[in-house]
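Okay, here's what each chain looks like letter by letter:
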Amino acid sequence: MAMLTDNFVLSKFLGICPFLGVSKKTSTAMGMSMAVLFVMLVASLMTFSLNKYVLVPYDVSYLQTIVFILVIASTVQLTEMAIQKLSPALYDALGIFLPLITTNCAVLGLAVLNIDKGYNLIEVMFHALGAAGGFALALLLFSGLREKMETSNIPDAFKGAAIAFITAGILSLAFMGFSGLTPAS
């Protein structure tokens with residue numbers, strides 16, 4: 001569900017910053033997708049555990065957002081250091097967008113949705129995989145379209161950000177078609 005019908009980028013409009021910023025090259029989009037997948041999985045596991053075993057038992061659930069952001073920031077920092085060591089070229093290509101995963105509202109939105117929906121650990125992990133898969137799908141589709149547009153004859157008035165926003169809107173409309181796959185409630 002989180003991959004198609006409830007796609008975080010194209011249906012919930014979360015994570016738009018890296019979606020627009022890192023989608024000019026498919027190779028960079030793939031690297032960002034893998035980084036977001038790792039961050040979403042680890043952050044979801046940690047935020048679920050902290051919420052269940054610390055925040056709720058000690059009646060400090062009001063600290064949820066702060067704790068979740070700290071967990072996400074730590075996970076992103078770990079990811080950034082790993083990418084810098086393992087793939088300096090990808091690290092350079094992602095640039096400022098890698099540390100900005102910390103402020104990627106899709107990651108925080110995922111953590112909050114997992115708690116709000118009352119998911120258990122297995123559901124949290126599958127929801128994180130679906131959300132990350134949906135993010136990757138949207139990002140890779142969009143980057144492929146943007147690469148194709150680089151070689152296309154586009155009127156001057158639509159070049160650059162204008163055609164990117166129009167394309168993102170059409171892609172979002174296409175994903176709305178998947179909503180027919182879920183039973184009406």
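Before any of the text, the structure's been laid out above.
As the structure is a prediction and not an experimental result, all values here were calculated from the model.

Q: Whenever I open this one, the packing of helix α5 (residues 105-116) against helix α6 (residues 121-150) confuses me. Can you help?
A: Geometrically, a packed helix pair is captured by the angle between its two axes and the distance between the axes. The geometry of α5 relative to α6 is characterised by a closest axis approach of 10 Å and an angle of 145° between their N-to-C directions. As α5 packs across α6, the resulting crossing turns out to be right-handed. Contacts between α5 and α6 involve Leu110, Leu113 and Asn114 from the first element and Val124, His127, Ala128 and Ala131 from the second. For the contact of α5 with α6, the class distribution of residues is five nonpolar, two polar and no charged.

Q: Hey, could you run me through the nonpolar core in this one?
A: Grouped burial of nonpolar side chains is what soluble globular proteins tend to show. If you look at the biggest cluster of nonpolar residues, it comprises 34 residues, and the most contacted ones within it are Phe8, Leu10, Phe19, Met32, Met40, Ile101 and Val107. For this core, the secondary-structure elements that each account for two or more residues are α2 (26-55), α3 (64-86), α5, α6 and α7 (161-176). The residues contacting Val107, other than those within four sequence positions of it, are Val39, Met40, Ala43, Ile72 and Ile101. Listed in part, the six residues of the second largest apolar core include Leu55, Val67, Phe68 and Val71.

Q: Teacher, can you tell me more about the layout of surface pockets here?
A: Over the atoms rolls a probe the size of a water molecule, and in doing so it shows where empty space is left. The calculated volume of the largest pocket comes to roughly 290 Å³. Contributing to the lining of the largest pocket are 13 residues, with Arg146, Glu150, Gly160, Ala161 and Ile163 lying nearest its centre. Sorting the residues of the lining of the largest pocket by element identifies α6 and α7 as the ones contributing at least two each. In terms of residues, the lining of the largest pocket owes the most to one element, α7, which gives four residues. Residue classes in the lining of the largest pocket are distributed as seven nonpolar, two polar and four charged.

Q: Please explain the environment of Ile163 as it appears in this structure.
A: Inspection of the secondary structure puts Ile163 in helix α7. Judged by relative accessible area, Ile163 falls into the buried class, the value being 18%. Not counting residues within four places of it along the chain, the set of residues in contact with Ile163 comprises Met149, Ile154 and Phe158.

Q: Would you take a moment to explain the side chain of Gln64 for this structure?
A: Within the element layout of this structure, Gln64 appears in helix α3. A relative accessible area of 16% means that Gln64 is categorised as buried. Leaving out residues up to four positions away in the same chain, Gln64 has contacts with Asn51, Leu55 and Ile115.

Q: Explanation requested: a nonpolar patch on the surface in the structure shown.
A: Taken together, Tyr62, Leu63, Ile66 and Leu70 make up a surface patch of nonpolar side chains, about 450 Å² in accessible area. Mapping Tyr62 onto the fold places it in the loop between α2 and α3. The class of Tyr62 is exposed, set by a relative accessible area of 65%.

Q: Looking at this model, I keep getting lost on α5. Mind explaining?
A: Each turn of an α-helix holds 3.6 residues, which means side chains three or four residues apart point in the same direction. Compared with the 16 Å implied by 1.5 Å per residue over twelve residues, the 16 Å span of α5 between its first and last C-alpha is a close match. Along α5, the residues that are buried comprise Ala106, Val107, Gly109, Leu110, Ala111 and Asn114. Buried residues in α5 make contact with α2, α3 and α6. Phi turns positive one or two residues past the end of α5, at Gly118, with a value near 70°.

Q: Explain the pattern of salt bridges to me, please; I cannot follow it from the model alone.
A: In a structure, side chains of opposite charge can pair up when their charged atoms sit close to one another. All told, the structure shown has one salt bridge when counted by the stated rule. Residue Lys159 pairs with Asp156 through a salt bridge whose shortest N-O separation is 3.3 Å. Look at Lys159 and you get partly exposed, because its relative accessible area is 48%.

Q: Any chance you could explain the environment of Ile83 here in plain terms?
A: With respect to the helices, strands and loops of the structure, Ile83 is situated in helix α3. With 15 residues separating them in the primary sequence, Ile83 and Leu98 have C-alpha atoms 9.4 Å apart. Ignoring any residue separated from it by four or fewer positions in sequence, one finds Ile83 in contact with Ala35, Pro88, Leu90, Tyr91 and Leu98.

Scoring rules and cut-offs
- Residues numbered from 1 in each chain as written.
- Predicted model: local features only at pLDDT ≥ 70, side-chain atom pairs only at ≥ 80, totals over all residues.
- Heavy atoms only, no water.
- Axes fitted to C-alpha atoms, helices over the stretch in contact; angles between N-to-C directions.
- Helix = DSSP H or I, 4+ residues; strand = E, 2+ residues; numbered from the N terminus.
- Left-handed = near helix turned anticlockwise from the far one by under 90°.
- Contact = heavy atoms within 4.5 Å.
- Nonpolar A, V, L, I, M, F, W, Y, C, P; charged D, E, K, R; others polar.
- Core = buried A, V, L, I, M, F, W, Y, C linked by side-chain atoms within 4.5 Å.
- Buried < 20%, exposed > 50% of the residue type's maximum accessible area, 1.4 Å probe, protein only.
- 1 Å grid on protein atoms, 1.4 Å probe; cavity = no way out; pocket = protein on both sides within 12 Å on 5 of 7 lines; lining within 4 Å.
- Points joined across faces, edges and corners; volume = space filled by probe spheres on them.
- Patch = residues over 30% accessible without salt bridge, like charges linked within 9 Å, V, L, I, M, F, W, Y side chains within 5 Å.
- Areas by Shrake-Rupley, 256 points an atom, 1.4 Å probe, with all protein chains shown as cover.
- Salt bridge = Lys/Arg side-chain N within 4 Å of Asp/Glu carboxyl O.
- Expected span 1.5 Å × (residues − 1).

So far we have only geometry, and geometry alone does not tell us how the molecule works.
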